[in-house]
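Understanding the architecture of this molecule
Okay, here's what each chain looks like letter by letter:
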Amino acid sequence: QVQLVESGGGSVQAGGSLRLSCAASGYSVSSYSMGWFRQAPGKEREGVAGISIGGTTYYAGSVKGRFTISRDNAEKTLYLQMNSLKPEDSAMYYCAASQRAPWPWFVLLRDTFYDYWGQGTQVTISS
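Summarised in this report is the structure supplied together with it. Since this is a predicted model, take the numbers as computed values, not measurements.

1. Some points on the overall build of the protein chain
Along the protein chain, the regular secondary structure elements total zero helices and 11 strands. Reading the protein chain from its N end, one meets helices and strands in the order β-β-β-β-β-β-β-β-β-β-β. Taking 127 residues into account, the globule formula puts the C-alpha radius of gyration at 14 Å, and the protein chain, at 13 Å, falls close to it. If you line up the protein chain on its principal axes, its C-alpha atoms span 40 × 30 × 25 Å. Counting the 127 residues in the protein chain, one finds 46% classified as buried. If you average the places of the 11 positive and of the 9 negative side-chain charges in the protein chain, the two averages end up 4 Å apart.

2. Some details on the packing of aromatic side chains
According to the stated counting rule, one finds six aromatic pairs in the structure shown. Note on F37 and Y114: the rings are 5.3 Å apart at their centroids and 85° apart in plane angle, and the pair reads as edge-to-face. Of this pair, F37 sits in strand β4 (residues 33-39) while Y114 sits in the loop between β9 (91-98) and β10 (116-117), and the two are 77 residues apart along the sequence. When sorted by exposure, F37 lands in the same class as Y114, which is buried. On the numbers, 6.1 Å between centres and 70° between planes, the contact of Y114 with W117 is edge-to-face. The buried category is assigned to Y114, whose relative accessible area is 6%. Accessibility expressed as a relative area gives 25% for W117, which makes it partly exposed.

3. A word on a nonpolar patch on the surface
A cluster of nonpolar residues, Y58, W103, W105 and F106, forms a patch on the protein surface that exposes about 440 Å² of accessible area. As for its placement among the helices and strands, Y58 is situated in strand β6 (residues 57-59).

4. Observations regarding the pattern of salt bridges
Per the stated rule, a full pass over the model turns up five salt bridges. The partner of R45 in a salt bridge is D111, with the nearest N and O atoms 3.4 Å apart. In this pair, R45 is assigned in the loop between β4 and β5 (46-51) and D111 in the loop between β9 and β10, connecting sequence segments 66 residues apart. Each of R38, E46, R66 and D89 takes part in one network of salt bridges that share partners.

5. What about the pairing of β9?
Within β9, seven of the eight residues are buried, which leaves the element mostly enclosed by the surrounding structure. Here seven bridges tie β4 to β9, and the two strands are oriented antiparallel to one another. Of the residues in β9, the one forming a bridge with S33 is S98. Bridge analysis of β9 against strand β11 (residues 121-126) gives three bridges, and the strand direction is antiparallel. Within β11, the residue paired with Y93 across the bridge is T121. Sheet topology note: the β9/β10 ladder contains two bridges and is antiparallel.

6. Examining the environment of A97
Mapped onto the fold, A97 is located in strand β9. The class for A97 is buried, based on a relative accessible area of 0%. Counting along the chain gives 46 residues from A97 to I51, while the straight-line C-alpha distance between them is 9.7 Å.

Parameters at a glance
Residues numbered from 1 in each chain as written. Predicted model: local features only at pLDDT ≥ 70, side-chain atom pairs only at ≥ 80, totals over all residues. Heavy atoms only, no water. Helix = DSSP H or I, 4+ residues; strand = E, 2+ residues; numbered from the N terminus. Rg over C-alpha atoms; globule rule 2.2 N^0.38 Å. Buried < 20%, exposed > 50% of the residue type's maximum accessible area, 1.4 Å probe, protein only. Lys, Arg positive; Asp, Glu negative; His and termini not counted. Charge placed at Lys NZ, Arg CZ, Asp CG, Glu CD. Phe/Tyr/Trp six-rings, centres within 6.5 Å; stacked < 30°, edge-to-face > 60°. Patch = residues over 30% accessible without salt bridge, like charges linked within 9 Å, V, L, I, M, F, W, Y side chains within 5 Å. Areas by Shrake-Rupley, 256 points an atom, 1.4 Å probe, with all protein chains shown as cover. Salt bridge = Lys/Arg side-chain N within 4 Å of Asp/Glu carboxyl O. Pairing = 2+ DSSP bridges.

Here it is in structure tokens:
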């Protein structure tokens with residue numbers, strides 16, 4: 001059974017950094033495409049970053065250059081390093097996993113691509 005558990009959220013000031021983690025159990029992170037999503041109150045869930053089985057990464061324009069998605073296969077963990085945080089980055093952040101290979105790459109940012117979801121971790125950025 002695939003389980004995903006996010007951690008690392010918190011409250012920081014604008015300009016600060018956070019690193020989110022997503023611990024996977026029941027499978028190897030290297031054998032799944034994985035992604036990070038976020039949802040702010042009153043807004044739709046949006047894809048932030050994704051990584052394919054082969055390691056190709058894809059980012060939303062709003063975070064490109066500030067966020068980095070990576071994974072540690074040995075630790076079975078997916079990460080999202082978030083730098084230069086802005087108040088508009090405040091949201092609940094979720095990780096997700098898919099057994100499919102993404103094509104075109106932008107499907108990594110579509111929630112319909114994913115089969116498994118974590119419960120989320122809250123990120124709050126103050127100005």
